[in-house]
Amino acid sequence: MQRSLQVIFLLILAMALGLTACSKGDSSASGSDGKVNLTMTIWGSENEKKIYQERLDIVKQTYPDINVKLNLVAGDYDQKVQTMIAGGTAPDIMMIAENYQAYASKKQIIALDDMIQTNNVNMSERYSQDIVNLMKYDGKQYGMPDRAGAMVLFYNKDLFDKAGVKYPSKDWTQQDLMNAAQKLTVKENGKTIQWGYYPGSWWPQWMQLIYQNGGSLFDQKGKSTFNTEPVRNALQFMNDLTFKYGTGPTPTEIADMGNIGADPLFAQGKIAMETTGFWNIGSLAKVEGINWDIASIWGETNAFFNGFTITNASEHKEEAFKVIEALTTLDGQMPLIKAGQDAPATKAGLSSDEFLNAEYGGKIINMAAFSESKIYAEPFNPKWNEMMKLINDKLSVYFNNKASLEDTVTQVQSGLEKLYP
């Protein structure tokens, strides 16, 4: 009898401890006051974290019972959040960019379609179709785009005026770019002192040319189309700018200038045009003595974007969706816009007076270039990182004029066929 009582006592004690443990575990997600506690990871600077916190404070006015702890992840963001997921400490909300499909393919983030419908979010009112497609995988929406600044053309107005060249417009073609770049290239005593355009070898620059040519990296069945005429023509165009027409600095010339990139060369007035993202606006606003503006790219281009996703491990997915939905309203994006940190992804943000009429360096520039840009269907896929390494390894040799076009496209095509059998 005594032994039976001991067993019963131990069972009761075990149940009590278990209930206590459960209670402690639940309290990390839902407080005793009925409030829900979420975690959210982002990358960026401390100043950017301040803006995100300001945005979350705005969201909290609508959802006072949802607390969001913001975690700025320094260093290798993807590696660190993967470690968090593997260790059972995944955040509820994650900021993700181009490689969101890798997370989606591993079922680490969830599709949002059902919650978008349940919460009556009109995605076609919130985003243009090309931007909303940036975060789709396998036909489903995996993120709410937050930032989506298109790549735009920066140009030096004084250098254009001096050369008698009309300012660039969204109606330009690749040939217009080539013609202007040649007229804007200046030599003295046989040495180039000013280049018309900096083509570089960065993937957004060559990839946009492929899609402008009507090409792609894959066909509708997912098979590689790298060894095709649109791709060949784009790569040839890039190399011709530098090595045939001399309108862009060669790797040797760049090395002679100290291996500085396009942005500082443009700021120094050594190149008349460059294609890059929103971030260069803030940099140029601090440079005195340069008369510059931006224009939409001549045809389709890409967007530098990120968005908010919800992890599969989150125990409060509905509340997490409410937060990311509110963050991507005009009110939720306004601190980002007013701080001039980036181009918002939403229609309302891009068309707002605060965005269009913002002053940079004491002047208003053509911010409508972002909303006027058309984004091509970027070939994001779960093997994006492996794909880009494979392609860039070969193109880096080609763009140094040390490999033939034929060998380059053949080798890349072969590599892609092995990567995507």
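Analysis parameters
- Residues numbered from 1 in each chain as written.
- Predicted model: local features only at pLDDT ≥ 70, side-chain atom pairs only at ≥ 80, totals over all residues.
- Heavy atoms only, no water.
- Axes fitted to C-alpha atoms, helices over the stretch in contact; angles between N-to-C directions.
- Helix = DSSP H or I, 4+ residues; strand = E, 2+ residues; numbered from the N terminus.
- Parallel < 35°, antiparallel > 145°, perpendicular 65-115°, else oblique.
- Left-handed = near helix turned anticlockwise from the far one by under 90°.
- Contact = heavy atoms within 4.5 Å.
- Pairing = 2+ DSSP bridges.
- Buried < 20%, exposed > 50% of the residue type's maximum accessible area, 1.4 Å probe, protein only.
- Right-handed = clockwise from strand over helix to strand, strands pointing away.
- Nonpolar A, V, L, I, M, F, W, Y, C, P; charged D, E, K, R; others polar.
- pLDDT = per-residue confidence, 0-100.
- Phe/Tyr/Trp six-rings, centres within 6.5 Å; stacked < 30°, edge-to-face > 60°.
- Lys NZ or Arg CZ within 6 Å of the ring centre and 35° of its normal.
- Salt bridge = Lys/Arg side-chain N within 4 Å of Asp/Glu carboxyl O.

**Section: the packing of helix H11 (residues 229-244) against helix H21 (residues 405-419)**
Phase 1 of the analysis: Packing of H11 against H21 brings their axes to within 11 Å, and their N-to-C directions diverge by 130 degrees. When the axis of H11 is compared with that of H21, the two are oblique. The two elements H11 and H21 meet at a crossing, and its hand is right-handed. Across the interface between the two elements, Arg232, Leu235 and Gln236 from H11 touch Leu405, Glu406 and Val409 from H21.

**As for the sheet that holds strand S1 (residues 36-42)**
Within a sheet, adjacent strands bond to each other through the backbone by hydrogen bonds, running parallel or antiparallel.
Phase 1 of the analysis: Across the sheet, which stays open at both edges, the 5 strands sit in the order S2-S1-S3-S12-S6 with mixed pairing between neighbours. Pairing within the sheet leaves two strands with one partner each, and these edge strands are strand S2 (66-72) and strand S6 (144-150). Going across the sheet, the axis of each strand differs from the next one's by a mean of 15 degrees, ignoring polarity.
Phase 2 of the analysis: Sheet analysis places strand S3 (residues 93-96) next to strand S12 (residues 303-310), joined by 4 bridges and oriented antiparallel. Within S12, the position partnered with Met95 by the bridge is Phe308.

**Focus on the pairing of S1**
Phase 1 of the analysis: Counting buried residues in S1 gives 5 out of 7 residues, a clear majority hidden from the surface.
Phase 2 of the analysis: Pairing geometry for S1 and S2, over 7 bridges, is parallel. Across the sheet, the residue bridging to Met40 is Leu70, located in S2.
Phase 3 of the analysis: Each parallel crossover has a hand, and for S1 linked through helix H2 (residues 46-62) to S2 it is right-handed.
Phase 4 of the analysis: Here 2 bridges tie S1 to S3, and the two strands are oriented parallel to one another. Its bridge partner being in S3, Thr41 is matched across the sheet by Met94.

**Overview of the packing of helix H9 (residues 174-183) against H11**
Phase 1 of the analysis: Interaxial distance between H9 and H11 falls to 11 Å at its minimum, and their mutual angle equals 5 degrees. By the angle between their axes, H9 is roughly parallel relative to H11. In this structure, H9 contributes Gln174, Leu177, Met178 and Ala181 to the contact, and H11 contributes Phe237, Asp240 and Leu241.
Phase 2 of the analysis: Across the contact of H9 with H11, the residue classes tally to 5 nonpolar, 1 polar and 1 charged.

**Quick notes on the confidence of the model for the protein**
Phase 1 of the analysis: Residues with a pLDDT of 70 or more make up 92% of the protein, whose mean pLDDT is 92.
Phase 2 of the analysis: This model gives residues 1-28 a pLDDT under 50, and the stretch forms 2 contacts once residues within four places in sequence are excluded.

**Concerning the packing of aromatic side chains**
Phase 1 of the analysis: Taken as a whole and judged by the stated rule, the model has 23 aromatic pairs.
Phase 2 of the analysis: Aromatic pair Trp202 and Phe304: ring centres 5.2 Å apart, planes at 10 degrees, arrangement stacked. Residue Trp202 is found in the loop between strand S9 (191-194) and helix H10 (203-212), and its partner Phe304 is found in strand S12; the two are separated by 102 residues along the sequence.
Phase 3 of the analysis: A residue is classified by how much of its surface remains accessible, and Trp202, at 32% relative accessible area, is partly exposed.
Phase 4 of the analysis: Arranged with centres 4.9 Å apart and planes meeting at 75 degrees, the rings of Phe218 and Tyr420 form a pair that is edge-to-face. You can see Phe218 sitting in the loop between H10 and H11 and its partner Tyr420 sitting in the segment after H21, a full 202 residues away along the chain. In this pair, the class of Phe218 matches that of Tyr420, namely buried.
Phase 5 of the analysis: Here the aromatic residues Tyr100, Trp203, Phe305, Phe380 and Trp384 are joined through ring pairs into a cluster of three or more.
Phase 6 of the analysis: The positively charged end of Lys383 is found above the aromatic ring belonging to Tyr420, 5.6 Å away from the centroid.

**Quick notes on unusual backbone geometry**
Phase 1 of the analysis: A positive phi is found at Lys107, a non-glycine position, where the angle reads about 60 degrees.
Phase 2 of the analysis: Counting through the fold element by element, Lys107 comes out in the loop between helix H4 (100-105) and helix H5 (113-118).
Phase 3 of the analysis: With a relative accessible area of 63%, Lys107 lands in the exposed category.
Phase 4 of the analysis: Residues other than glycine seldom take positive phi values, yet Asn189 does so here, at roughly 55 degrees.
Phase 5 of the analysis: Looking at the secondary structure, you find Asn189 in the loop between strand S8 (186-188) and S9.

**Some points on the side chain of Ser373**
Phase 1 of the analysis: Tracing the backbone through its elements, the reader meets Ser373 in the loop between helix H19 (368-372) and helix H20 (384-398).
Phase 2 of the analysis: Here Ser373 falls in the buried class, since its relative accessible area comes to 10%.
Phase 3 of the analysis: Those residues in contact with Ser373 that lie beyond four places of it in its chain are Asp130, Ala150, Val152, Ser296 and Thr301.

**Looking at the sheet that holds strand S7 (residues 152-156)**
Phase 1 of the analysis: With respect to topology, 3 strands assemble into an open sheet ordered S10-S7-S11, the strand pairing being antiparallel. In this open sheet, the two strands that pair with only one neighbour each are strand S10 (273-276) and strand S11 (292-295). Here the strands of the sheet are splayed against their neighbours by 25 degrees on average, with no regard to which way each runs.
Phase 2 of the analysis: As judged from the 4 bridges shared by S7 and S10, these two strands associate in the antiparallel manner. Paired with Phe154 across the two strands is Glu274, which belongs to S10.

**A word on the pattern of salt bridges**
Phase 1 of the analysis: Counted under the stated rule, the structure contains 7 salt bridges.
Phase 2 of the analysis: Arg126 is the partner of Glu325 in a salt bridge, and the nearest nitrogen-oxygen pair spans 2.6 Å. Pair noted here: Glu325 is in helix H15 (residues 317-327) and Arg126 is in helix H6 (residues 123-126), with a separation of 199 residues, a long-range link.
Phase 3 of the analysis: Assessed through its relative accessible area of 15%, Glu325 is described here as buried.
Phase 4 of the analysis: Its relative accessible area of 15% is what places Arg126 among the buried residues.
Phase 5 of the analysis: The partner of Asp393 in a salt bridge is Lys389, with the nearest N and O atoms 2.9 Å apart. Of this pair, Asp393 and Lys389 are both found in helix H20, 4 residues apart, which corresponds to roughly one turn of the helix.
Phase 6 of the analysis: With a relative accessible area of 54%, Lys389 lands in the exposed category.
Phase 7 of the analysis: Through salt bridges with shared partners, one network takes in Glu48, Arg147 and Asp342.

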